[in-house]
Amino acid sequence: MTAMITRRSTFGALIAGVVAPLMVGCQSLPPARPAATSELNVVTSGGFNAAFDTLATRYTAETGTRIVTGHGPSMGETPNAIPARLARGEAADVVILARSGLDRLVADGKVARGTEIDLGLSKIAVAVRAGAAVPDISTPDALRATLIAAKSVAWSDSASGVYIQTSMLARLGIADQVTPKGRMIPATPVGEIVARGDAEIGFQQLSELQPVKGIRIVGLLPDSLQKVTVFSGGIVAYSPRLREARALLTYLSSPSADAAIRASGLEPAPRKARP
């Protein structure tokens, strides 16, 4: 009997000696992140890309919802354009694009009416290749002279470029002089065209120019010529994940998103103006 008790005590001590270090090791491990409970497909246009990349990573860490991100311009004829993606029925739950483009998708029944929400305000900036002379764009007259003197100019095929080509050049009275040497760039960021030396001057949303290496951002358009683009989100009409999509949009439009939006070159949209 005594021998049996002794063997049990020895066995118990052995188990304790093995388990105790394991328990200590477990206590020292960092807390696990939430397990992914759902997945959302989001397509965002370039102006909101940088902000969304930061916020999507944070949202996944906080909620466990996996974000699959696609990119495309708000408008235009390229296959990657957000309207073309939805027309093909690509997997998408949320889209983020220029408000004018979003409104057209709502009218076409591609985005659920009543889910639209403004997220950020974007201004147009001017860029030249790194190391190039910095042109004067401080006033409308200075910008006019700079564009007349430039050998080549580029602008995007999205909201900012449409404004440059169809409105701003005419307001400056130089459409006939600049349009022949200008290029509307589909899909590719204008900053990359400038960095390669394929255009002397480029126009695009500040938030789209900031991430591009090899360029110098000269500054924003003069206030009297500036065009502010509102970037907004909405839920795709055929999304099967309405609750999760709405939760993401609520997060993107909350005060906790403001710092990332500002860091990307945008300003948070006024909340009182949001639907």
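From a predicted model like this one, the values you see are computed outputs, not experimental measurements. Starting afresh in each chain, residues are numbered from 1 along the sequence in its written order. Since the coordinates come from a predicted model, pLDDT governs what is reported: local features require at least 70, and pairs of side-chain atoms require 80 or more to be given and counted, while whole-chain, interface and lining totals use all residues. Side-chain measures here rest on the full set of heavy atoms in the structure, leaving out hydrogens and waters.

For the rest of this paragraph, the subject is the nonpolar core. Among the nonpolar cores identified, the biggest contains 24 residues, and Phe-48, Phe-52, Ile-67, Ile-96, Leu-248 and Leu-252 are the most heavily contacted of them. For the purposes of this entry, the term helix denotes a DSSP run of H or I that reaches at least four residues, the term strand denotes a run of E that reaches at least two, and both are numbered from the N terminus. Listed by contribution, the elements that provide at least two residues to this core are β1 (39–44), α2 (49–63), β3 (94–98), β4 (117–122), β10 (229–235), α10 (242–252) and α11 (258–263). Counting 20 residues, the second largest nonpolar core, distinct from the first, contains Trp-155, Ile-164, Leu-172 and Phe-203. Residues belong to a common nonpolar core when they are buried Ala, Val, Leu, Ile, Met, Phe, Trp, Tyr or Cys residues joined through side-chain atoms within 4.5 Å. Any residue under 20% of the maximum accessible area for its type is buried, any over 50% is exposed, and the rest in between are partly exposed; the area is computed with a 1.4 Å probe on protein chains only.

What follows deals with the confidence of the model for the protein chain. It should be kept in mind that the predicted coordinates are not to be read in detail where pLDDT is low. Each residue carries a pLDDT score, the predictor's own confidence in it, on a scale running from 0 to 100. Averaged over the protein chain, the pLDDT score is 88; the fraction of residues at 70 or greater is 85%. By the convention used here, residues are in contact when the closest approach between their heavy atoms is within 4.5 Å. Below a pLDDT of 50 lies the segment residues 1–36, which in the model reaches 7 contacts outside its immediate sequence neighbourhood of four places, other chains included.

On to α10, then. Here α10 has its buried residues at Ala-245, Leu-248, Leu-249, Tyr-251 and Leu-252. Relative to the axis of α10, the buried residues are bounded by an arc of 160° and lie together on one face. Relevant arc is that of directions from the helix axis to the C-beta atoms, nothing else.

We now examine the sheet that holds strand β11 (residues 267–268). With mixed pairing, the 6 strands of this open sheet are ordered in space as β2-β1-β3-β10-β4-β11. Of all strands in the sheet, those with a lone pairing partner are β2 (66–71) and β11, marking the two edges. Note: β1 against β2, 6 bridges, orientation parallel. Among the inter-strand pairings, Asn-41 is bridged to a residue of β2, identified as Val-68. What makes two strands pair is DSSP finding at least two bridges between them.

This next bit is on the environment of Ser-152. One can find Ser-152 in the loop between α5 (140–149) and β6 (153–156). Considering only alpha carbons, one finds Ser-152 and Gly-197, 45 residues apart in sequence, at a separation of 9.7 Å. Excluding residues within four positions of it along the chain, Ser-152 makes contact with Lys-181, Asp-198, Ala-199, Glu-200 and Ile-201. What qualifies as a polar contact is a pair of N or O atoms within 3.5 Å, subject to a donor-acceptor requirement within protein and to the restriction that residues adjacent in sequence count only when both atoms come from side chains. A distance of 2.9 Å separates a polar side-chain atom of Ser-152 from the backbone nitrogen of Glu-200.

With that settled, consider the sheet that holds strand β7 (residues 182–185). Ordered in space as β7-β6-β8-β5-β9, the 5 strands form an open sheet in which the pairing is mixed. The open sheet has two edge strands, β7 and β9 (215–220), and neither has a second partner. Strand-to-strand, the axes of this sheet are offset by a mean angle of 25°, without reference to chain direction. Bridge count for β6 against β7 is 4 bridges, and the pairing is parallel. Across the sheet, residue Trp-155 finds its bridge partner in β7, namely Met-184. Working convention: axes come from line fits to C-alpha atoms, limited for helices to the stretch in contact. Angles between N-to-C directions cover 0 to 180 degrees. Across the face of the sheet, helix α6 (residues 159–172) comes into contact with β5 (124–129), β6, β7 and β8 (201–205) while running at roughly 125° to β6.

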